[in-house]
Amino acid sequence: MEHFADHCAMCHANDGSGDTLLGKNMYPKPPDMRETVTQRKTDGELYYTIQNGVRLSGMPAFGEEHGTGDQDTWKLVLFIRHLPKLMPEEQKEMGRLNPKTAEEREEEKEEEDFLRGDNPPGKDSKAQHSHCQGEISDNSITVETTAKGTGEKTTTTVVIVADTKFTKNDSPATLKDLKVGDRVVIHAAKKGDQLEAHMVRIWALKGAARPH
Ligand code: HEC
C-alpha cells in the first residue's frame, strides 16, 4: 500500500481509478484497475506489466527498481487485487503516504506554523488566497489578519458559500462541525470586495498538533 501510494498513485490514484490530473491527461489513460479488465488478468500478467511497463504508454517499468522477482512487485499485484475492496480508512492512510509537491509541502508548513501561532495570520505571498484563523458566526467567519510588514490588523469577513468545503482533523466535515473556539485554517479567494472560503480546515483542539 505504501509503495502504491508513493510510486503509482500519481497516475493511478489511491483507489486505482486512474482519476488523477496526470492520468486524465495521458493517452492511453491508466485504466480503472478496480474494473474487470484489470481484475480478469492473471497475477503473472499484472506482475509482467509492473516489471516491464507498457511500451508506448505512460506506464513505466519498475523491474529495474524492484529487481527481478522482487517481492515488491508481487505485493503490488496483491494490492491491485485488493483495490475493488479498498476501505475509506485505507484510502485516507494512503493520502498521507502520497508524495507531496513542493507547493503542497510549503502550504502544509505554512498551516503548521500558523496553527502553532508562529506566523501571524496574514495573506500569503500568492495573495490569491489567504490562510486565516477566525471567529465563527452562522454563515460567515470574521477573521483578523495581520499585515506581514507593518503588523497592522484588519478585520475581514470570509463568506461561506454553497461549494465551500470543510474538513475536520483531515476528515470531510460540514459547516455544522464548526464550533466557536475551533482553530480554522481558511483558504479563501477574493470575490469582488469580499473573501469567499474555498476550504475551511477545522482543528478541533486549540493548539492541537496536526495529525501528521
Ligand atoms: C506515469 C504514470 C504511471 C505510473 C507512475 C504508473 N503507471 Fe501503471 N499505467 C499507466 C498507464 C498510462 C497505463 C495504461 C497503459 C496502457 O493501457 O497502454 C498503466 C497500466 C498499468 C497496469 C495494467 C492494467 C491493465 O488492466 O492492463 C498495471 C497493472 C499498472 N499500470 C500498475 C502500476 C503500478 C503497480 C505502478 C506503481 C509501481 C504503476 N502502474 C505506476 C501509468 C502509470
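Remember, it's a predicted structure, so these values are computed and weren't measured experimentally. (Residues numbered from 1 in each chain as written. Predicted model: local features only at pLDDT ≥ 70, side-chain atom pairs only at ≥ 80, totals over all residues.)

Glancing now at the overall build of the protein chain. Each helix and strand counted, the protein chain has nine helices and nine strands in total. Relative to its 212 residues, the protein chain shows a buried fraction of 20%. The long-range fraction of contacts in the protein chain, counting pairs at least 24 apart against all pairs at least 6 apart in sequence, stands at 49%. (Helix = DSSP H or I, 4+ residues; strand = E, 2+ residues; numbered from the N terminus. Buried ≥ 20, exposed ≤ 12 C-beta atoms within 10 Å, placed from the backbone. Contact = placed C-beta atoms within 7 Å.)

Right, let's get into the nonpolar core. By size, the foremost hydrophobic cluster in this structure holds 13 residues, and its most contacted members are Phe 4, Ala 9, Leu 46, Ile 50, Leu 76, Val 77 and Ile 80. Looking at this core, the elements with two or more residues in it are helix H1 (2-7), helix H5 (43-52) and helix H7 (71-82). Considering every element that reaches this core, the biggest residue donor is H7, with three residues. Ile 160, Val 185, Ala 188 and Val 200 belong to the second-largest nonpolar core, a separate cluster that totals twelve residues. (Core = buried A, V, L, I, M, F, W, Y, C linked by C-beta atoms within 7 Å.)

Right, let's get into the packing of H5 against H7. With their axes 9 Å apart at the nearest point, H5 and H7 run at an angle of 120° to one another. One way to sum up the angle between H5 and H7 is to call them oblique. At the point where H5 passes H7, the crossing takes the right-handed sense. Where H5 abuts H7, its residues Asp 43, Leu 46, Tyr 47, Ile 50 and Gln 51 lie against Thr 73, Trp 74, Leu 76, Val 77 and Ile 80. In terms of residue class, the contact of H5 with H7 is built from seven nonpolar, two polar and one charged. (Axes fitted to C-alpha atoms, helices over the stretch in contact; angles between N-to-C directions. Parallel < 35°, antiparallel > 145°, perpendicular 65-115°, else oblique. Left-handed = near helix turned anticlockwise from the far one by under 90°. Nonpolar A, V, L, I, M, F, W, Y, C, P; charged D, E, K, R; others polar.)

Attention shifts here to H7. Compared with an ideal rise of 1.5 Å per residue, which puts twelve residues at 16 Å, H7 spans 17 Å between its outermost C-alpha atoms and is within 8% of the ideal. Those residues of H7 that sit buried are Thr 73, Leu 76, Val 77 and Ile 80. Looking straight down H7, one finds its buried side chains confined to an arc of 105°; they lie on one side. Along H7, the residues that are exposed and aim more than 90 degrees away from the buried face are Gln 71 and Leu 78. (Expected span 1.5 Å × (residues − 1). Arc of directions from axis to C-beta.)

A separate point is the confidence of the model for the protein chain. In this model, the protein chain carries an average pLDDT of 78, and 74% of its residues clear a pLDDT of 70 or more. Predicted confidence in the protein chain is weakest over strand E1 (residues 122-123), with a mean pLDDT of 44, and strongest over helix H4 (residues 36-39), with 94. With pLDDT under 50 throughout, residues 119-129 is counted as low confidence; its partners more than four residues away or in other chains account for 26 contacts. (pLDDT = per-residue confidence, 0-100.)

Topologically, Leu 56 is positioned in the loop between H5 and helix H6 (63-66). Residue classification places Leu 56 among the exposed positions, given that 7 C-beta atoms sit within 10 Å.

Among the 24 residues in the neighbourhood of the ligand, the closest are listed as Cys 8, Cys 11, Thr 38, Ser 57 and Met 59. Those elements that place two or more of their residues in the shell around the ligand are helix H2 (9-12), H4, H5 and H7. (Near = placed C-beta within 6 Å.)

A few words now on the pairing of strand E8 (residues 183-191). One ladder, built from nine bridges, connects E8 with strand E9 (residues 194-203); its direction is antiparallel. By the bridge assignment, Lys 191 is partnered in E9 with Gln 194. Two successive antiparallel strands, E8 and E9, enclose a turn made up of two residues, where Gly 192 displays a positive phi of approximately 60°. (Pairing = 2+ DSSP bridges.)

As judged from the four bridges shared by strand E6 (residues 165-168) and E9, these two strands associate in the parallel manner. Opposite Lys 168, over in E9, you have Ile 202 as the bridge partner.

Time to look at unusual backbone geometry. Following Tyr 27, the chain continues to Pro 28 via a peptide bond in cis, the omega torsion being -5°. Residue position: Pro 28 is located in the loop between helix H3 (21-24) and H4. Positive phi values are uncommon outside glycine, yet Ala 13 reaches one of about 70°. Accessibility expressed as a C-beta count within 10 Å gives 23 for Ala 13, which makes it buried.

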